Each structure stands twice: as C-alpha cells, then as structure tokens.
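Given next are the chains, with one letter for each unit.
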Amino acid sequence: MTGKLYTADHQIFELPPLLSWRVTHTGAVPCDSFSVSFVYQKEMAEALKLAAGFAAEEDGTVMLRAVVDEYTVDLDGSGLTATVSGRGYAARLLDNESRPVTYQQATLAEILRNHAEPYGISCGDVAEVRAESVYTVAAGTSQWKAVESFCRTYGDFVPRFSREGALLAGPEKEGRTLSIGEGDPVLSCTLREDHYGVLTEALVIDKTQNRDFSVKNQEMMDKGGQCRRVIYTPGQSTWAAMRYTGEYQIRRSKEDAWTAEVTLPGNFLAFPGDRVALSLERMGLNGTFRVAEAENRFDGRNGAAATLTLKPL
C-alpha cells in the first residue's frame, strides 16, 4: 500500500515506503480510520505541518480518503520515524454542530444540501425520501446526526461513506461474497454474544392523546431478559407511527448483540456491506453474514492481516 498527503495549500506529497499501516473501514460511525508509519526526513516537516487530507492506494485503487488528525515524529534506536493518523470523511460531519432548525416535510436532498454539502461532502447516492411531518434538528446536534437520524427515521437505512469519500445516502447494496471455511488460513476467530442493553419491551407514549403502545421482543424475553424503555412521541402520533417507533428502538438495541471477528492473512479482503459465507463447524458458525467492519494492518514483523467484524443479515 502507498500513501499520499494533501496539504492545506493544495499540494500533494507522496509518502515514502510505509513501514507499517492500519486502515479500518466501517462506512459509517465510528469513522473509517487510518495510521501509517514511515522513515522521517527533515524535508517532510512542512508537508506534515500542513497535512489536511490522506489517500491510501493499493495497486492504483483508492482504499480510503480521510482527514489527517495527528502526526508524530519519533527518534529511537531504530532511527527517525513519523506516524500520520486520522479518520474518514464522516469526521467532517461529526466535528461540526448544526444550528437548531425545524423542517416541514423535508426531502433527503434538502437535508444533505444543508447538513453535508457545505462541509465538502459529495453525495454518490441519494434516495427519494421525504419526511411525513415535522423534522427537528436540536441545538448541539452534529451534522452527521442530523443526516443519519433523517435517513433512519424516514428511509429505514443508515447513510455510509464510500472508500473514495462520497456519502451514500441510500439503502445499502449487497456487495460481493467471500467464502471462509475450515480449509482457509484463519489466524483467529472470536464469537461474541452480548445481551446488555437489548430491549425486551419498548413502551411508546403519546402524552398529548394519553395513548400508549407496547412492542415486545419475544426472542429476548424467552432468554430471560428484562429491559424496558419508555419513549415519548410528539402529539397526534398514529398507531402505525407508534408501532414503528417501538420496533425501531428494539431493532437498534439488537444491532451489536451478536458479532464474530475473523482474522486472515492479507489485506483488503472485504469491505462493509460485503457478505461472508462462513463455515467453521468447530465453533458452530455456519451461515452468511454481513461485513460491518474491516481492519487491515501490516508491519515488517507480522506481515499483512485483515480482521473482519461480521453481523447477522
């Protein structure tokens, strides 16, 4: 992999051969991120001071565009090295707060025009989504949250960023499928199931009309769970809206309940949205899962490895 820095005065600086790197793709939040290390020379000082953007490339293909958060220069027994790290373009929206605003039947295009595009974000995919009623962005809300909440509430999807840095504000498209079985060189595999915070009931209350609607998570109740949340909605909520709100809260609470992490040799084997057909009978893992996160790393001692975080479809 190679790296380039983009400076605040619009110069491009080619980094020397990388000694080690880590590139993590999530597509959403937490952000994509990177860290690269290389031999330092004093001629690099000005470029590092002005570094604002970064691009990672593999065989001429962009693997990540990101903002630079930090650089360090280290002197030890091995000589002088520098490390540059940062986050994907979601950081531009996370780091900026919105002013309070209320929309009347806003479209997604309008939300992006006000909360994403002013921060240098280009949109590669915009779904035809419109709010059914009032959409309010509270004071102190990040620009990312303003966009994400609109997409989740009215489109039932999470916006994502492509590796090239474009915002994909539409339902996720299924990527390619990677097969991993007993005969593959699996370096490690961890299965985790965490019931903490998984709701067994969401009680939705409309105080104005003095109505309530309960949605239960029978699967978690059968496991002995007991975790209820009470959600208050704006006045004049319909039964359908209240039921959706409850189902949405339960669905969100289950998103991180089950994960599997598989590490294999190599880099950039899969990306968020891709599928993994997993067959590791020794661990009782057999099925097709979605790649939620992909961490790629390399160093001279251990070589290249990729860790894929998998979640149920």
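Residues numbered from 1 in each chain as written. Predicted model: local features only at pLDDT ≥ 70, side-chain atom pairs only at ≥ 80, totals over all residues. Heavy atoms only, no water.

## Considering the pattern of salt bridges
A pair can form between side chains of opposite charge whenever their charged atoms are brought close.
Thinking step 1. Scanning the model with the defined rule gives 19 salt bridges in all.
Thinking step 2. Put simply, Lys-173 and Asp-125 hold a salt bridge, and the shortest N to O gap is 3.3 Å. Taken together, the positions of Lys-173 in the loop between β12 (167-169) and β13 (177-181) and Asp-125 in strand β9 (residues 123-126) put the pair 48 residues apart, joining distant regions of the chain.
Thinking step 3. With relative accessibility at 62%, the residue Lys-173 sits in the exposed group. (Salt bridge = Lys/Arg side-chain N within 4 Å of Asp/Glu carboxyl O. Helix = DSSP H or I, 4+ residues; strand = E, 2+ residues; numbered from the N terminus. Buried < 20%, exposed > 50% of the residue type's maximum accessible area, 1.4 Å probe, protein only.)

## A word on unusual backbone geometry
Thinking step 1. Note the cis peptide between Val-29 and Pro-30, where omega equals 5°.
Thinking step 2. The backbone of His-10 shows a phi angle near 70°, a positive value even though the residue is not glycine.
Thinking step 3. Tracing the chain through its elements places His-10 in the loop between β1 (2-7) and β2 (12-14).

## Some words on the packing of helix α3 (residues 108-115) against helix α4 (residues 143-155)
Thinking step 1. At a closest axis distance of 10 Å, the pairing of α3 and α4 adopts a crossing angle of 175°. With respect to their mutual orientation, α3 and α4 come out roughly antiparallel. Contacts from Leu-108, Ile-111, Leu-112 and His-115 in α3 reach Gln-143, Ala-146, Val-147, Phe-150 and Cys-151 in α4. (Axes fitted to C-alpha atoms, helices over the stretch in contact; angles between N-to-C directions. Parallel < 35°, antiparallel > 145°, perpendicular 65-115°, else oblique. Contact = heavy atoms within 4.5 Å.)

## Quick word on the sheet that holds β9
Thinking step 1. Taken in spatial order, the 3 strands line up as β9-β12-β11 in an open sheet, and their pairing is mixed. For this open sheet the edge positions go to β9 and β11 (160-161), each flanked by a neighbour on one side alone.
Thinking step 2. Judged from the 3 bridges that link them, β9 and β12 form a sheet pairing that is parallel. Note that in β12 the partner of Cys-123 across the bridge is Leu-167.
Thinking step 3. Contacts between α3 and the sheet are confined to β9 and β12, with β9 contributing the most and set at about 155° to the helix. (Pairing = 2+ DSSP bridges.)

## Some thoughts on the environment of Ala-28
Thinking step 1. Positionally, Ala-28 belongs in the loop between β3 (18-25) and β4 (33-39).
Thinking step 2. The spatial distance from the C-alpha of Ala-28 to the C-alpha of Val-262 is 20 Å, given a sequence separation of 234 residues.
Thinking step 3. With near-sequence residues (within four places) excluded, Ala-28 lies in contact with Ala-90, Trp-144, Val-158 and Pro-159.

Treat this as a map of the structure, not an account of what it does.
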